[in-house]
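For reference, the chains in residue letters:
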Amino acid sequence: MTVLDARQQTAAAAMADQIAAALTVPLSSEFGDDYSPGSPRWRDQSLSKGAAGVAVLHGLRAQHGLADDKPLRAWLARATRDDLTAGPGAGLWFGAPALAFALQVAAPDAYPGATARLDDAVTQLVRTRLDAAHARIDGAHRPSQYEFDLTRGLVGLGAHVLHRDPGGDLVRQILAYLVRLTEPVEAADEAGAGAPGWWTSDSSARDRDPAFAAGEANFGMAHGCSGLLVILALAMRQGVIVDGQAAAIDQICRWLEHWRQPAPAGPWWPERISLPELHAGRPRQDGPLRPSWCYGTPGLARAQQLAALALGHRARQQAAEDALARCLADPVQLARISDPALCHGWAGLLLTAWHAATEAVTPDVAAHLPHLLDTLLTHAHDTPPGALPGLIEGRAGIALTLHTLATTTTGAHGGWPACLLLG
């Protein structure tokens, strides 16, 4: 793996310091009666957009001796100033599970009472979700994407539980459900027997495209089968294995291989497919879109690399790494990135490539890291006034990515990339 030079490490550390300093004190805000997504009340509990995510940044910086714990405590206080959500909207990126993850990463063992209460809340939430998911499968119905996705579904909750208690029974229960999710659902609907078990009954695209009225198969890390693939693979690599897990990983890999599209700049995958596309066996999307972590080739390639490593499948690993390296070399795709954050932007692309490079069989992916880091440094402040402070869609994630790259070792990240399923 190419080692970043001293200039880049110094610049990354300095930029991380600068962004973190600007996020030391939470801005004053009042709740009022606003409970809508994006409101101050909602953002406080958000790992993605708000206070819970900023606490992760300051906690890890404190652990590395770069600051005291006052900013951490200030952001934790902001994140917990209202009752934490542990109901239908809660998940890894929001509510009690988000705070549980933030405490585990940012302040392990520092708040045992709060951690125990959050563990209980997460356990109850997982059991409730599992019961509902198995009942849904027993009834031969299609899932909602939020039953299983990373942001608030059982993939995300599984990522937290795997990080928190890999030897426990709860993570095995989640894995057993996820294996079952890969099996066909005999639903009496339009999708029919040709749809995979993760074919969702809902689609965020249905309002703008009637082709998605019958649902979709989502390919992405945040909401689709790549996230499902990664949690199964990560658990297997840690020796946490349930019946059917290897076969489920192989099945998703075969699905992704079927839908891989050739192109001169390298292979790519659709973001999602509709029922007409499923029946036609080809996507309407005519080329790769934005190369983001959440939907683009980088996230999907890392997912397939991790799956190949879990199964010891060298050819699949090389194919995944080749797809990522060719994507990173394509200026047309890179030009589609327009923000510096983790979810859709330069930080996510850099962090994905960095994790992939640490386990790659060739130096091709690592060769792009210096350019990607310089690009992120150039665009790190390209955020609008009042930009989100959080981890996944905000400035804290940019700072933490730069901090992670400045340390150069994967062990220095403290486990925070688990919320993105990167490692």
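Conventions adopted
Residues numbered from 1 in each chain as written. Predicted model: local features only at pLDDT ≥ 70, side-chain atom pairs only at ≥ 80, totals over all residues. Heavy atoms only, no water. Phe/Tyr/Trp six-rings, centres within 6.5 Å; stacked < 30°, edge-to-face > 60°. Helix = DSSP H or I, 4+ residues; strand = E, 2+ residues; numbered from the N terminus. Buried < 20%, exposed > 50% of the residue type's maximum accessible area, 1.4 Å probe, protein only. Lys NZ or Arg CZ within 6 Å of the ring centre and 35° of its normal. Axes fitted to C-alpha atoms, helices over the stretch in contact; angles between N-to-C directions. Parallel < 35°, antiparallel > 145°, perpendicular 65-115°, else oblique. Left-handed = near helix turned anticlockwise from the far one by under 90°. Contact = heavy atoms within 4.5 Å. Nonpolar A, V, L, I, M, F, W, Y, C, P; charged D, E, K, R; others polar.

K.L.:
Would you mind going over the packing of aromatic side chains with me for this structure?
P.N.:
Taken as a whole, this structure holds five aromatic pairs when the rule is applied. Taking 5.6 Å as the distance between ring centres and 85° as the angle between the ring planes, the aromatic pair formed by W198 and W255 counts as edge-to-face. Note that W198 is positioned in the loop between α9 (169-181) and β1 (217-218) and W255 in helix α11 (residues 245-259), a separation of 57 residues in sequence. For the pair formed by W198 and W255, the shared burial category is buried. Ring pairs connect the aromatic residues W198, F219, W255 and W259, which therefore count as one cluster. Sitting over the face of the ring of Y146, R152 holds its NZ or CZ atom 3.8 Å from the ring centroid.

K.L.:
Any chance you could explain the packing of helix α6 (residues 112-138) against helix α8 (residues 154-164) here in plain terms?
P.N.:
The contact between α6 and α8 brings their axes to 11 Å, and the two run at 140°. Between α6 and α8, the interaxial angle falls into the category oblique. For the crossing formed where α6 meets α8, the hand is left-handed. Contacts between α6 and α8 involve T115, D119, V122, L125, V126, R129, L130 and A133 from the first element and L154, L157, H160, V161 and R164 from the second. Of the residues in the contact of α6 with α8, the class split is eight nonpolar, two polar and three charged.

K.L.:
When you look at unusual backbone geometry in this model, what are you seeing that I'm missing?
P.N.:
One non-glycine residue, A140, adopts positive backbone phi at about 60°. Inspection of the secondary structure puts A140 in the loop between α6 and α7 (145-148). You can call A140 partly exposed: its relative accessible area is 26%.

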